[in-house]
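The residues making up each chain are set out below.
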Amino acid sequence: SAMLSPSVDGEAFAFTNVTVTQALSESFLITIGKFNTITLADRWFYGGRGVEGFMNMNFVAAPIGGRTFPISTLGAVATFLKDGAPMFTFGVMDSISPETSPGWDGLYADELTYFANYDFRTEIAGRPGWHTIGGSYSTIDTFSFDQSDLIKPPGQGGISPNIQDDSWMLKYHWDQSLSQVGDDPSRGWGTFLFLAVSDADPNPFGYSVAAGLVANGVCAARPCDSFGVGVFYNEVSDELRKALEQNRPILPSIDIDHELGGEIFYEFAVTDWFRIAADLQVTQPSIEDNDTAIFGGFRSRLIF
């Protein structure tokens, strides 16, 4: 996911995140500007933009949200705090903002995404857990997967594509601390679970699941090393499958099914400011004719 670019092809330069946050009280913040939406998905054991933890997008910012959240877009977010942590978040963003331009003239009523999250904390065996329940609704106008009208018999009148004028998604995220390494409460082992369901038209995924075990600090002897192992599942929209089946006379034969995969990584802290990591991913693609994909990865990063 760290290799995602704001440009479809070629080289590009863009400020993908430029925001201003104003505290109106000790418990209420407003943030406006251009957001890198991938960073908004960061949680305790989930996220990391692909440079700090997992590399696969399913463990960084679930692809099911990509239908209405561009990589970089304009927006405004209001956050209510409880004990210094977010409790309720509400925001509005441009669904199709051009990533490589300011986009100030691109805010229209038929391309806005509204979203809200509610966060609360629990404890299991004395260890903290964080829960997020949220959802989004977009007024985006886009092509529906159901284009059966495009294959009308002769003499049935004009042909016009079917347009879907909105899209929605609901999600639940859970992070649970399992143990602490040293005196730093942010270091230790934990687990996460992500669940999401969508309208499945125009969203190409009906629902998504991801879960994993993560260590931000493996042991007392290696407090800065990181480890993670996770699995994910994406159910491809039934409407998309039907559309491909109905349009076989004019489209190539493509059989699609669910997408299933997993990832494991280990990041070794050479020093406090230099880290190297090895990564392995295995994915069963949604296109049935494609072979199981195996990816090996390596990264290094400097912290300053």
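Here the structure is a predicted model, which means the values were calculated and not measured.

What counts, and where the lines are drawn
Residues numbered from 1 in each chain as written. Predicted model: local features only at pLDDT ≥ 70, side-chain atom pairs only at ≥ 80, totals over all residues. Heavy atoms only, no water. Helix = DSSP H or I, 4+ residues; strand = E, 2+ residues; numbered from the N terminus. Buried < 20%, exposed > 50% of the residue type's maximum accessible area, 1.4 Å probe, protein only. Contact = heavy atoms within 4.5 Å. Areas by Shrake-Rupley, 256 points an atom, 1.4 Å probe, with all protein chains shown as cover. 1 Å grid on protein atoms, 1.4 Å probe; cavity = no way out; pocket = protein on both sides within 12 Å on 5 of 7 lines; lining within 4 Å. Points joined across faces, edges and corners; volume = space filled by probe spheres on them. Nonpolar A, V, L, I, M, F, W, Y, C, P; charged D, E, K, R; others polar. Polar contact = N/O pair within 3.5 Å; in protein donor to acceptor, adjacent residues only side chain to side chain. Salt bridge = Lys/Arg side-chain N within 4 Å of Asp/Glu carboxyl O. Pairing = 2+ DSSP bridges.

Provide a residue-level description of the overall build of the protein chain, including the pertinent values.
Across its full length, the protein chain holds one helix and 15 strands. With 304 residues in all, the protein chain has 40% of them scored as buried. Excluding contacts between residues fewer than 6 apart, the proportion of contacts in the protein chain whose partners are at least 24 apart in sequence is 58%. Carbon and sulfur atoms form 62% of the exposed surface of the protein chain, whose accessible area is close to 16300 Å².

Kindly report on empty space enclosed by the protein, identifying the contributing residues and their values.
The tally for this structure, following the rule as stated, stands at one cavity of 30 Å³ or more. What the largest cavity holds in volume is close to 30 Å³. Every residue lining the largest cavity is listed: Ile64, Thr68, Ser136, Ser138, Ser167, Trp168, Met169 and Asn203. Residue assignment for the lining of the largest cavity shows that the elements contributing at least two residues are β6 (127-138) and β9 (167-180). Counting residues per element, the lining of the largest cavity draws most heavily on β9, which supplies three residues. When grouped by side-chain class, the residues that make up the lining of the largest cavity number three nonpolar, five polar and no charged.

Residue-level account of the side chain of Thr113, with values.
Tracing the chain through its elements places Thr113 in strand β5 (residues 112-124). A distance of 2.7 Å separates polar atoms of two side chains, one belonging to Thr113 and the other to Ser95. A distance of 3.3 Å separates a polar atom in the side chain of Thr113 from a polar atom in the side chain of Ser138.

Describe the pattern of salt bridges, with residues and values.
Tallied over the full model, the rule gives four salt bridges. Linking Arg222 and Asp225 is a salt bridge whose minimum nitrogen-to-oxygen distance equals 2.9 Å. Given a relative accessible area of 27%, Arg222 falls into the partly exposed group. Here Asp225 falls in the buried class, since its relative accessible area comes to 1%.

Break down the pairing of β5 for me, citing the residues and quoting the values.
Here strand β4 (residues 85-94) runs beside β5; their pairing, made up of seven bridges, is antiparallel. Looking at β5, one finds that Met93 is bridged to Thr113. Pairing analysis gives twelve bridges linking β5 to β6, with the strands arranged antiparallel. Each bridged residue has a counterpart across the sheet, and for Asp119 the counterpart in β6 is Thr132.

Run through unusual backbone geometry, naming residues and quoting values.
Along the chain, Asp201 connects to Pro202 via a cis peptide bond; the corresponding omega equals 20 degrees. One can find Pro202 in the loop between β10 (188-198) and β11 (205-216). Phi at Arg49 is positive, roughly 60 degrees, even though this residue is not glycine. Within the secondary structure, Arg49 is located in the loop between β2 (28-36) and β3 (72-82). Arg49 sits in the partly exposed class, given a relative accessible area of 34%. The residue Asp83 is not glycine, and still its phi comes out positive at about 55 degrees. By the secondary structure assignment, Asp83 is in the loop between β3 and β4. Among the residues examined, Asp83 registers a relative accessible area of 77% and is labelled exposed.

Explain the environment of Ser237 to me, using residue names and the numbers behind them.
With respect to the secondary-structure elements, Ser237 resides in the loop between β12 (226-236) and α1 (238-246). The spacing of Ser237 and Ile256 is 19 residues in sequence and 9.7 Å in space, taken between C-alpha atoms. Not counting chain neighbours up to four residues away, the residues in contact with Ser237 comprise Phe145, Ala200, Asn203, Pro204, Phe205 and Gly206. Within the local environment of Ser237, its side chain forms a polar contact with the backbone oxygen of Ala200, the two atoms lying 2.4 Å apart. For Ser237, the side chain forms a polar contact with the main-chain nitrogen of Glu239, separated by 3.1 Å.

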